[in-house]
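A look at the structure
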Amino acid sequence: MNMHAIPVPEELMSDYRAFFPKQLTRYLETGDLNWRELGQHYVSLHQICWHLWDDEGLFPSHFHSLMKRVCGHEYRIWERKSGSYGGAARTVAAHIDNYLMKANGHPRAPMGWWVDSALNANKPSTDWLLLEDELKRLPVNAA
């Protein structure tokens, strides 16, 4: 496993939890996966998912509508088997990895029975994460 993970202070975990629904909403409404500034770090929705992967904290019920949009007809599987930030993160990461677009440019869920597989997936290596010096060169899209 390549450990190119960007070191993030433990106190940012609550920021990841707060930022996750905002980034997920943006992704579902626009298909936008651009990096955003979080404190002194640049993060993407995919990176947030990686950091929340093992988080067993309950995903707040007022955000379950987001997971219904991510999971589609398999929402009950996510709710029954997980309901946590970690389960939400694993499912969203799988959704991003199978990035499909509707005609209007909004993301759509993968076909078939994919949520159960996402919930049981191993945490990916960090090979896909950019190194910190690469991140510093990225423009921050504050739109």
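Conventions and cut-offs
- Residues numbered from 1 in each chain as written.
- Predicted model: local features only at pLDDT ≥ 70, side-chain atom pairs only at ≥ 80, totals over all residues.
- Heavy atoms only, no water.
- Helix = DSSP H or I, 4+ residues; strand = E, 2+ residues; numbered from the N terminus.
- Contact = heavy atoms within 4.5 Å.
- Salt bridge = Lys/Arg side-chain N within 4 Å of Asp/Glu carboxyl O.
- Buried < 20%, exposed > 50% of the residue type's maximum accessible area, 1.4 Å probe, protein only.
- Phe/Tyr/Trp six-rings, centres within 6.5 Å; stacked < 30°, edge-to-face > 60°.
- Lys NZ or Arg CZ within 6 Å of the ring centre and 35° of its normal.

Considering the side chain of Ser44
One can find Ser44 in the loop between β2 (41–43) and α2 (45–52). With residues near it in sequence (within four places) discarded, Ser44 still touches Leu33 and Trp35.

Some remarks on the pattern of salt bridges
All told, the structure shown has three salt bridges when counted by the stated rule. Arg17 serves as the salt-bridge partner of Asp55, at 2.6 Å between the closest nitrogen and oxygen. Taken together, the residues span a long stretch of sequence, with Asp55 in the loop between α2 and α3 (64–71) and Arg17 in helix α1 (residues 13–30) at a distance of 38 residues. For Asp55, a relative accessible area of 10% gives the class buried. A salt bridge links Glu79 to Arg76, with the shortest nitrogen-to-oxygen separation between them at 2.4 Å. Of the two residues, Glu79 and Arg76 are both situated in helix α4 (residues 75–81); the distance of three residues between them amounts to about one turn of the helix. In this structure Glu79 comes out as partly exposed when scored by relative accessible area, which is 31%.

Observations regarding the packing of aromatic side chains
Remark: the centre distance and the inter-plane angle together describe each pair of aromatic rings, the angle taken between the planes. As enumerated under the stated definition, the model contains five aromatic pairs in all. Taking 6.1 Å as the distance between ring centres and 90° as the angle between the ring planes, the aromatic pair formed by Phe59 and Trp78 counts as edge-to-face. Taken together, the residues Phe59 in the loop between α2 and α3 and Trp78 in helix α4 connect sequence positions 19 residues apart. For the residue pair Phe59 and Trp78, the accessibility class agrees, reading buried in each case. Ring geometry for Phe59 versus Tyr85: centroids 5.2 Å apart, planes at 85°, classification edge-to-face. One end of the pair, Phe59, is in the loop between α2 and α3; the other, Tyr85, is in helix α5 (residues 85–97), and 26 residues separate them in sequence. By the burial criterion, Phe59 is buried, and Tyr85 matches it. The rings of Phe20, Phe59, Phe63, Tyr75, Trp78 and Tyr85 are connected pair by pair, giving a single aromatic cluster. A cation over an aromatic ring shows up here: Lys123 above the ring of Trp50, its NZ or CZ 4.1 Å from the ring centre.

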